[in-house]
Amino acid sequence: MKKISLKVAVCLLAGSFLFSSCFVGKYGLWNKYINWQNHMSSSKFLNAIVGFILVPIVGSICQLVDILVLNTIEFWSGSNPVQANIGKTQQVLGQDGRYYAVTTLKNGYEVKAPTGEITYFYHNDEDDSWSMVQDGVTKELFRFNKDGKTIQANINGQTKDLTLDEAGVYQARMMANDGTFFAMY
């Protein structure tokens, strides 16, 4: 029987700790990096090419920092230091060409229109749903179904299960436009 070297034993021991699924955490830094990498340009092919180059380097560093530092902080403190900055307000350009003030809340967002009208979007952790509150009226927008492949959307007063693919987007668009679809140029 061969002797196991100290390096191999250390690697096996480290692997048993790193891959034992006992690290609790949201992997906030890794998820932010992947989100940035997937949306850095409008071309999915460019995003993929850049991903092949950066993921082995930057992705490894992000995962290592998440595993060794950030998830440990989250485990002991209960909050992830990389999560969205609660209370931070950003100016976001709307499709109408006007700027809206979007403030990050603990469980959602506050959107203030240029006219002063305020709309809240809240996430309910218990039933995994998103709701909108406007002028004191709460309306559930959608909820994720337990299967992880569909959502239950409330569009124009109709509630329907939609798949998370192009067919589901098409169905939602048809429901929102009463079955009519106009091309834009």
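Our subject is the structure listed above.
Okay, so let's go over this structure. Because the structure is predicted, anything quoted here is derived from the model rather than measured. (Residues numbered from 1 in each chain as written. Predicted model: local features only at pLDDT ≥ 70, side-chain atom pairs only at ≥ 80, totals over all residues. Heavy atoms only, no water.)

## Things to note about the overall build of the protein
Then, in step 1: Scanning the protein from terminus to terminus reveals four helices and eight strands.
Then, in step 2: For the protein, the sequential pattern of α-helices and β-strands runs α-α-α-β-β-β-β-β-β-β-β-α.
Then, in step 3: Looking at the 185 residues of the protein, the share that counts as buried comes to 22%.
Then, in step 4: Partitioning the contacts of the protein with sequence separation of at least 6, the portion at a separation of at least 24 is 16%.
Then, in step 5: Surface exposure of the protein reaches about 14,100 Å², of which carbon and sulfur atoms provide 62%. (Helix = DSSP H or I, 4+ residues; strand = E, 2+ residues; numbered from the N terminus. Buried < 20%, exposed > 50% of the residue type's maximum accessible area, 1.4 Å probe, protein only. Contact = heavy atoms within 4.5 Å. Areas by Shrake-Rupley, 256 points an atom, 1.4 Å probe, with all protein chains shown as cover.)

## Notes on the pattern of salt bridges
Then, in step 1: One pass over the full model with this rule turns up three salt bridges.
Then, in step 2: Close ionic contact of Asp96 with Arg98 constitutes a salt bridge, the shortest N to O distance being 3.0 Å.
Then, in step 3: A salt bridge links Arg143 to Asp127; its shortest N-O distance comes to 3.2 Å. With Arg143 in strand β6 (residues 137–144) and Asp127 in the loop between β4 (118–124) and β5 (129–134), the pair connects residues that are 16 residues apart, well separated along the chain. (Salt bridge = Lys/Arg side-chain N within 4 Å of Asp/Glu carboxyl O.)

## Section: the environment of Arg143
Then, in step 1: Look at Arg143 and you get partly exposed, because its relative accessible area is 23%.
Then, in step 2: In this structure, Arg143 is in contact with Asp127, Asp128, Ser129, Ile151 and Gln152, ignoring residues within four places of it in sequence.
Then, in step 3: Within the structure, the side chain of Arg143 is placed 3.2 Å from the side chain of Asp127, a separation counted as a polar contact. (Polar contact = N/O pair within 3.5 Å; in protein donor to acceptor, adjacent residues only side chain to side chain.)

## Structural notes on helix α3 (residues 44–77)
For an α-helix, the turn length of 3.6 residues means that residues three or four places apart are oriented alike.
Then, in step 1: For α3, which comprises 34 residues, the first-to-last C-alpha distance of 37 Å sits more than 12% below the rise-based estimate of 50 Å (1.5 Å per residue).
Then, in step 2: Considering bend angle alone, the principal kink of α3 is centred on Val55 and spans about 60°; proline Pro56 follows within four residues of it.
Then, in step 3: When α3 is considered as a whole, its buried residues turn out to be Asn47, Val50, Gly51, Gly59, Cys62, Asp66, Ile67, Leu70, Asn71 and Glu74.
Then, in step 4: Looking at the residues trailing α3, positive phi occurs at Gly78, about 90°. (Expected span 1.5 Å × (residues − 1). Bend = angle between axes of the 7 residues up to and from the residue.)

## Here's the deal with the nonpolar core
Then, in step 1: Of all hydrophobic cores here, the largest spans six residues; its members are Ile151, Ala153, Ile155, Leu162, Ala172 and Met175.
Then, in step 2: Elements supplying a minimum of two residues to this core: β7 (150–155) and α4 (166–176).
Then, in step 3: Among the elements that make up this core, the one with the highest residue count is β7 (three residues).
Then, in step 4: In this view, Ile155 contacts Leu162, Ala172, Met175 and Ala176; residues no more than four positions away in its chain are not counted. (Core = buried A, V, L, I, M, F, W, Y, C linked by side-chain atoms within 4.5 Å.)

## Here we look at the packing of helix α2 (residues 28–39) against α3
Then, in step 1: The interhelical angle for the contact between α2 and α3, taken along N-to-C directions, is 165°, at an axis separation of 8 Å. Viewed along their axes, α2 and α3 adopt a mutual orientation that is roughly antiparallel. Seen from above, α2 lies across α3 with right-handed handedness.
Then, in step 2: Class assignment of the residues belonging to the contact of α2 with α3 gives a composition of twelve nonpolar, eight polar and one charged. (Axes fitted to C-alpha atoms, helices over the stretch in contact; angles between N-to-C directions. Parallel < 35°, antiparallel > 145°, perpendicular 65-115°, else oblique. Left-handed = near helix turned anticlockwise from the far one by under 90°. Nonpolar A, V, L, I, M, F, W, Y, C, P; charged D, E, K, R; others polar.)

## Some words on the packing of aromatic side chains
Then, in step 1: All told, the structure shown has five aromatic pairs when counted by the stated rule.
Then, in step 2: Between Trp30 and Tyr33 the ring centres are 6.2 Å apart and the planes differ by 45°, which places this aromatic pair in the tilted class. Placement of both Trp30 and Tyr33 in helix α2 is noted, with a separation of three residues, approximately one turn of the helix.
Then, in step 3: Considering the side-chain rings of Tyr33 and Trp36, the 6.1 Å spacing of their centres and the 35° angle between planes classify their relative orientation as tilted. Taken together, the residues span about one helical turn, with Tyr33 and Trp36 both in helix α2 at a distance of three residues.
Then, in step 4: Counting every residue linked through ring pairs, the aromatic cluster contains Trp30, Tyr33 and Trp36. (Phe/Tyr/Trp six-rings, centres within 6.5 Å; stacked < 30°, edge-to-face > 60°.)

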